[in-house]
Amino acid sequence: MIFPVVACTTGHPDAGQATQPLLSSSSSPATAIAAPITTQPSVQKPPELDNGEALAGRQEMTSGNAGIAYSKGKAGDALIVSVRCQGEGKIKVVVRSVRVSFPLECVADEVSTFSNQMAVTGADRDGVVSVEAPSAVRWSMTIGHGAPAQEEPPGDGREVVNAAW
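Residues numbered from 1 in each chain as written. Predicted model: local features only at pLDDT ≥ 70, side-chain atom pairs only at ≥ 80, totals over all residues. Heavy atoms only, no water.

Asker: Teacher, can you tell me more about the overall build of the protein here?
Answerer: In terms of helices and strands, the protein carries zero helices and 12 strands. Ordered by position from the N terminus, the helices and strands of the protein form the series β-β-β-β-β-β-β-β-β-β-β-β. With 165 residues in all, the protein has 47% of them scored as buried. Taking the contacts inside the protein whose residues are at least 6 apart along the sequence as the reference set, 75% of them involve residues at least 24 apart. Surface accessibility of the protein: about 8,200 Å² in total, with carbon and sulfur atoms responsible for 49%. (Helix = DSSP H or I, 4+ residues; strand = E, 2+ residues; numbered from the N terminus. Buried < 20%, exposed > 50% of the residue type's maximum accessible area, 1.4 Å probe, protein only. Contact = heavy atoms within 4.5 Å. Areas by Shrake-Rupley, 256 points an atom, 1.4 Å probe, with all protein chains shown as cover.)

Okay, structure coming up:
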């Protein structure tokens, strides 16, 4: 039996503490890299993608639940989901097409940005990202496709978690 592995990293130059994405127990291994970005832009403006990443979908500032459709990428691309939020509460981000979900903790008086890369089977296909959020949390999102991040060798301080979806 193959267990999916989730890798959380602070590889982004502005990254702080990593979140813990949850993956399904599908038959193919999966890697997701998550890192909050600590800059303080407005939640009204969705996060920007890095150079070389292609825009697949975007959601302007929203509160409460929503579903955001995204377009397909090139074969072998990873899926990038970047969320910016503000307001006290936890939101849940679900990408059913690749069987990935992850919680994000938002803070009342801070704008937090989390960027998650999912290098999993089917990540280059189109789909929908669903967000479950309390009405007190305002959030915006950018979805993109890009080359999978290079994994760092074990023992570099990343937390590795096996979890079921």
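On we go.
Asker: Any chance you could explain the nonpolar core here in plain terms?
Answerer: In summary, soluble globular proteins display a tendency toward joint burial of nonpolar side chains. Within the largest apolar cluster, 26 residues are counted, with the highest numbers of intra-cluster contacts made by Val 81, Val 93 and Met 141. Those elements that provide at least two residues to this core are strand S5 (66-70), strand S6 (78-86), strand S7 (89-95), strand S8 (100-106), strand S9 (112-119), strand S10 (127-132) and strand S11 (138-146). If we ignore the near neighbours within four places in the chain, the residues touching Val 93 are Val 81, Val 83, Val 100, Ser 101, Phe 102, Leu 104, Val 129, Ser 130, Val 131 and Met 141. (Core = buried A, V, L, I, M, F, W, Y, C linked by side-chain atoms within 4.5 Å.)

Asker: Whenever I open this one, the pattern of salt bridges confuses me. Can you help?
Answerer: It is possible for side chains bearing opposite charge to pair when their charged atoms get close. For the structure on display, the rule yields one salt bridge. One salt bridge connects Lys 45 with Glu 48, and the closest N-O pair in it is separated by 3.7 Å. (Salt bridge = Lys/Arg side-chain N within 4 Å of Asp/Glu carboxyl O.)

Asker: Would you take a moment to explain the state of the cysteines for this structure?
Answerer: Covalently bonding the sulfur atom of one cysteine to the sulfur atom of another cysteine gives a disulfide. Tallied over the entire structure, the rule returns one disulfide. Covalent S-S linkage joins Cys 85 and Cys 106, the inter-sulfur distance amounting to 2.1 Å. Measuring the twist about the S-S bond at about -105 degrees, one finds the Cys 85-Cys 106 disulfide to be left-handed. Linking Cys 85 in strand S6 with Cys 106 in strand S8, this pair joins segments that are 21 residues apart in sequence. The pair formed by Cys 85 and Cys 106 is uniform in burial state, with each residue classed as buried. (Disulfide = S-S within 2.5 Å.)

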